[in-house]
Structures are given as structure tokens and as C-alpha cells.
Amino acid sequence: RYIDLSVNSFVCGEFDNTAYNMYDFALMKRYPWEIYGAPNMIPPTTSKTSSSASAPSPIQEDMHLGLVGGTQHTPLAPNYKDRQYTTSKHYQKIRPKLRKNHGSELYDSNVTVVAFFRQPEERIVSAFYDGRHSNGFPDLIWKELIKSTVGKSSTSKTKSRGCVIDSRWYHNPLMCFARFPGIAGCMSRMLTGETCADGILQESGLENLPYAFDIVMNHLDFVGLTEDWNESICQFHRLYMGKLDKPGGKRYWDVPLQGEFSNVHKGEEKKLGVESLNGFKDLADTVVYDAAKLKFERMVGGERCYKYMTHDEIKERKQSNYAADMPFVKTDDNGNVCVPMSCSDLGKQCGEWNDGCGKTIICGMCDVGRTGLPSTWRVQCVEGQCVDYCPPWNEKGYWFLSDDSPSIVRETIQEQSEHQQKYLSPVDAVKICEVACANTWNEEKSPPGIESFINTGLCKCGTTPSILKANLTLQDFSSAHALNAMCRETKARKEAVLLEDDTQPICCPYIPREPDLPIGWKRLYAMGGDNFEGEYFEHIRMECGGFKECESAARQKQAEMAVFDLSHSMCYLARNVVKFEDIFTVTKDNGSRVFIDLRNGATS
């Protein structure tokens, strides 16, 4: 079983029209970690904290934690046991601003730390185009940075705005960004407890270099190189995905899927590249990167373990004398290599399906926010398709077509050009409500079957919505949920708009972006706040239910924690709950999760 990694990098908010480009969040939204999270991500020697007076008990080795996510700009903590470091002038200056002061992952917590490194000047170019990325700068310094690095358009007749740094004028905004005090040395700082950009001393990172070099060479368990992605991924599998054949003593490891070598988050061609830096070198990070390259080369050894192979190359190798090296490749009786199908190839948007080569490809879960519909609507997976629907209508058997469907439902669907339609589209439902509201004064002359929607709590009457003029089809709604669709650009996202005063189906209660949380419920960790994790043993679809129903289900099943996921209308139940404080600052959420801690008789 494996997931389809070809997810469009844009994330669309379920409460408003926001959309942002972050592949990791887009991936997690399609594959919620409570269901698809990797098991046993925390070493068994780690202890969990508890509010009880008893000694903390170790996490079970086979515990399936849902830990997935990004560190979100959080550095490694420095070695607080190093007296030379903690008595240094540098430490005394930065101490109030250190992100973590509980102890080091490397020296105190026995955590396996892996890191990928990027060529320093390439990283600076990428940061420049990523909104002048400079995490760690306070507002005043960041505004000064922006002012210095906003160049004129290349088509402008006016000379590009430059900047003066250390009494020298630089003519392009990328050079201004790279040379801005506190930008260089990002890797050196993040390895030693500081933020990427130095917003305190605005130094170059050279002062962190001895500690950073030692960490790379002697303390990181694995290093990968962005510039050597294929080999890095293969080596990661070799080191961490292996299984030991105890009788024979040989170690086997899972060959990575070809999809892991694909560039699923392609960047746009940049007008300014490394050559535009005119020889600028990030001195501290160059040393760090060279150390990472040296460690990587030692790890790889004399023989590289894998490379990206096209299907033609796989077929050629499979038919050669090296076929024994490729037992993972399936062929038919004629020796033709089986090409696994992606979710898009299969025409699936959700669920789990045979990829055509004997494995199961997971297409994930449907989430709200892909269309412009308000938060009162829900989405469910039907035969591999994500269907926007209205739960109260579905409960009465009106959403999906059957012999018992009211005639107005069948007639509305028959008006569509799409054949074999098995269920209503949101536009169909709005049309039915528009007809129902127009005939509330004269039920005798109403269309057959419309009485099912008049004064029954299924329709809300108001102004005629603009969605009826948008000529949206069922396919438009379906296309918005495709894995590789850029949700913000789809027609259903832009034009499937229902305002509060519009005529529309009555679905679920409206969920505001910042809902008033009931007693005991809190925001789950999202770049700050409570940081809990646990073993997720069950997930329950809430339909129109909410906090009360989720908490009730959790108490009934004796869960220690319940997480309510607004994006998927899911209630996740967890046991063996761990409170990480800020030891493992794993950011996994985009603001759609809240939780309640039910340990020790927590108040409902």
C-alpha cells in the first residue's frame, strides 16, 4: 500500500477564499496523519509526561503514533551542557531569543535526527523568491529588508532599485537580499538553536560554525543532499526502511517507489539565479554544506544504491542478466513491465484501489474547501469520487437518485446534459430550493414532489444566488477535488458561491473560522500552542455532528484524547497520549483541528 504523491501543492481554506502554496500541508490534508501517519516515530526510550504523580512510563515500541509534519522553522536546540558555549558572550546575547531551552535533541533526548542540506547560494535564491523568506527577523528589520530588495520590473524604463550595504551599492534585489545582515548563515544557526535569519545580532553565522560543523560530522544520524535527491531517498530507505533476516543475517530494505523521485513541487523559472549573485558566497553555510557532502559521500560509499529509471530502462534491465536484482518489478508472460497507474490514471480522487500491478494505491480523503461552497456543506467519497452533498438531504434519501426520490429530484437531474447522473450537484439542490421557495404560497400548483422541500427544514428562502447563473456542471465540482487540481483556479472554487442570505439547501451548522470552543476543547499544535500526540485507534465521520458528538464518542470508547478535524468532518480517537511540550515541535495543522484531553477525568 502506498499513497499517490502527485498532489497539487496549493491548499485552499475551508472557511474562506484563502489559498497558499505549501506542498507538505497539501499532502497532509489529502492524507490525514491520524489515519495515514507513520508508526513508531518516537524512540521507545522517550518518556511521556502526565499530570499524575506516578513516574512517566516509556512509549511502547510498537505504538502507532500519527506523527507527520514539518519542523516549521524550528532549529535544533544547542548543547546546554557545554559550559564553554553557555558562558560565551554570543550565548548571553541570544539567550532571551532562543526558541527552545529545555535541552538538546542530540545531547539530551536521544532523538534520531536526519537533515537535508541544500547548496547555500541556491537556498538563498529560493528564499528570495519565497516572499523574501527570513524567519527570525522582527517586523522592523523585515520591513527594512523588503524595502531594500523590491526591484523595479524588468520592463520598466527606470533603473532597478538597489541598496547600500556596508557603504557599497548593489544593483539587483537578489544581491541586496543575500548581503543583507543576518540572511547568510541560515544552516549554521538552525543547527545550533537559532532561527534561520539572525534578527538579534545580524551576524553571518561564522560564530556558530564550529558547533554546526561538529553536529553535522558527529551527531546527525543521516544527511541528504537536495542536489542529489534520488540517491538521498534511496539511502534513507536503505538505512531506515530495512528488515533483518535473522536466520541469514542479511538485511533487506524496501526499494523506494519511482514516484518518490518525481519532482511533485516544481518551481517556476527564475529571472535571477545564482549567477546574479556575482560571486557572493555564504561562507558559514558553504563549510556546513561541504561537511554534509563529505558525510554523504562516506555514507554512500563506492557504489550508489539507486537511480531514477524510466519504464523503458526498467524493462531493459528486467530482460537482462540483472533481472534477479529487480524482484520488485512485475512483468507479464511476455516480459513486459507492468506500469502502475496513479490515482489520476484510474480516474479516482479518494479511497484505495489496485494500481494494476498488484499493489494498492491510496488516493486519500476528500476535504471541504476545494470549492467555493460554505462550511455548511460536506464531502464524501463515493466510488472513488469526492461528492459535495448536504447531509440532511442525504438522510432523507434525496441526494442520491433512487426509485423513491421525489419527482422534482429526478426531473432536475434529467435536465442536465450529463447522462447517468446518480446524485444531485449543489446547483441542482439550489434549483430545487429556488422552485420550492417560489411555490410556498401555492402548494396546489407546485411541481410534483416539491412538497417534500416546502416547510420541512430542507430549504432556506432568500435572494436568488449567483451560483445559478454560473453554468456549473457536476463535472466542475468533481474536477475541483482531483489530486492534481490547483483548487484556487477551478471554476467550482471561483463561482460556487452561496451567501448567507441566498436561497439554498439547509445543510449543517455554519462553522466560523474561529469557532467558540466548548469547555475543554483547545487548538491542536500549529506553530504554537498545545502539542499532544497519541496512538489513533479509531476515526468516526461526524456528518453534521461536532464537538459534543465527538467528545461523547470518545468517552464511550474510553479514549484519552479526541481530535475534531473540521476539514474532513472526522473525529479521531487516541490513547497512550503524549504531551511533548516543545520537545518535538512538529507542525502538522493548518488551523482546522481542535482536541480535548480526557485523561484523569477531564472536565466535559
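Just so we're clear, the structure is a prediction, and the values are computed from it rather than from any experiment. (Residues numbered from 1 in each chain as written. Predicted model: local features only at pLDDT ≥ 70, side-chain atom pairs only at ≥ 80, totals over all residues. Heavy atoms only, no water.)

## Things to note about the overall build of the protein
Of the regular secondary structure elements, the protein holds 19 helices and 20 strands. Across the 604 residues that make up the protein, the buried fraction comes to 48%. Within the protein, counting contacts between residues at least 6 apart in sequence, those at least 24 apart form 67% of the total. For the protein, the computed accessible surface area is about 30,600 Å², with 49% contributed by carbon and sulfur atoms. (Helix = DSSP H or I, 4+ residues; strand = E, 2+ residues; numbered from the N terminus. Buried < 20%, exposed > 50% of the residue type's maximum accessible area, 1.4 Å probe, protein only. Contact = heavy atoms within 4.5 Å. Areas by Shrake-Rupley, 256 points an atom, 1.4 Å probe, with all protein chains shown as cover.)

## Quick look at the environment of glutamate 434
Summarising the element assignment, glutamate 434 is placed in helix H16 (residues 426-438). Judged by relative accessible area, which is 23%, glutamate 434 ranks as partly exposed. Along the chain, glutamate 434 and proline 465 lie 31 residues apart, while their C-alpha atoms are 9.0 Å from each other. Apart from residues lying up to four places away in sequence, glutamate 434 is in contact with Thr464, Pro465, Leu468 and Thr503.

## Considerations on the sheet that holds strand S17 (residues 532-541)
Reading across from one edge, S16-S20-S18-S19-S17 is the order of the five strands in this open sheet, with antiparallel pairing throughout. In this open sheet, the two edge strands, each paired with only one partner strand, are strand S16 (521-523) and S17. Here the average twist between neighbouring strands, direction ignored, is 30°. Summarising the sheet, strand S18 (residues 561-565) and strand S19 (residues 570-579) pair through five bridges and their orientation is antiparallel. Pairing of methionine 561 across the sheet is with alanine 574, part of S19. With respect to the sheet, helix H19 (residues 547-556) is in contact with S16, S17, S18, S19 and strand S20 (593-597), its orientation differing from that of S18 by roughly 150°. (Pairing = 2+ DSSP bridges. Axes fitted to C-alpha atoms, helices over the stretch in contact; angles between N-to-C directions.)

## Comments concerning the nonpolar core
Residues Trp377, Trp393, Trp399, Ile432, Phe453, Ile467 and Phe477 are the most contacted members of the largest nonpolar core, which totals 35 residues. When residues of this core are assigned to their parent elements, the largest contribution, six residues, is made by H16. Sequence-distant contacts of tryptophan 393, that is, excluding residues within four places in its chain, are made with Tyr398, Trp399, Leu424, Ala429, Ile432, Cys433, Phe453, Leu458, Cys459, Pro505 and Ile506. In terms of nonpolar packing, the next biggest core, distinct from the first, is built from 26 residues, Phe25, Ala26, Leu483 and Tyr572 among them. (Core = buried A, V, L, I, M, F, W, Y, C linked by side-chain atoms within 4.5 Å.)

## Focus: helix H11 (residues 283-300)
Look at H11: 26 Å from first C-alpha to last across 18 residues, which is about the 26 Å you get at 1.5 Å a residue. Within H11, the full set of buried residues consists of Ala284, Asp285, Thr286, Val288, Tyr289, Ala291, Ala292, Lys295, Phe296, Met299 and Val300. Downstream of H11 by one or two residues, glycine 301 has phi in the positive range, about 75°. (Expected span 1.5 Å × (residues − 1).)

## Observations regarding the state of the cysteines
Taken as a whole and assessed by the stated rule, the structure comprises eleven disulfides. A sulfur-sulfur separation of 1.8 Å characterises the disulfide bridge that pairs cysteine 508 with cysteine 544. In this structure the cystine formed by cysteine 508 and cysteine 544 twists about its S-S bond by roughly -75°; its chirality is therefore left-handed. Remark: cysteine 544 occurs in the loop between S17 and H19 and cysteine 508 occurs in the loop between strand S15 (504-505) and S16; sequence separation between them is 36 residues. (Disulfide = S-S within 2.5 Å.)

## Brief notes about the packing of helix H9 (residues 209-218) against H11
Remark: H9 packs on H11, axes separated minimally by 9 Å, with the N-to-C direction vectors making an angle of 15°. Compared by their axis directions, H9 and H11 come out roughly parallel. Note on packing geometry: the crossing formed by H9 with H11 is right-handed. Contacts between H9 and H11 involve Leu209, Ala212, Phe213, Val216, Met217 and Asn218 from the first element and Ala284, Val287, Val288, Ala291, Ala292, Leu294, Lys295 and Arg298 from the second. Residue classes in the contact of H9 with H11 are distributed as eleven nonpolar, one polar and two charged. (Parallel < 35°, antiparallel > 145°, perpendicular 65-115°, else oblique. Left-handed = near helix turned anticlockwise from the far one by under 90°. Nonpolar A, V, L, I, M, F, W, Y, C, P; charged D, E, K, R; others polar.)

## Here's the deal with the side chain of aspartate 285
Structurally, aspartate 285 can be placed in helix H11. It is arginine 123 that comes nearest to the buried, bridge-free aspartate 285 among opposite-charge side chains, at 4.4 Å. Once you skip the residues sitting within four places of it in the chain, aspartate 285 turns out to touch Pro120, Arg123, Gly185, Cys186, Met187 and Ser188. (Lys, Arg positive; Asp, Glu negative; His and termini not counted. Salt bridge = Lys/Arg side-chain N within 4 Å of Asp/Glu carboxyl O.)

## Describing a nonpolar patch on the surface
A cluster of nonpolar residues, Val114, Leu239 and Tyr240, forms a patch on the protein surface that exposes about 210 Å² of accessible area. With respect to the helices, strands and loops of the structure, tyrosine 240 is situated in helix H10 (residues 229-240). (Patch = residues over 30% accessible without salt bridge, like charges linked within 9 Å, V, L, I, M, F, W, Y side chains within 5 Å.)

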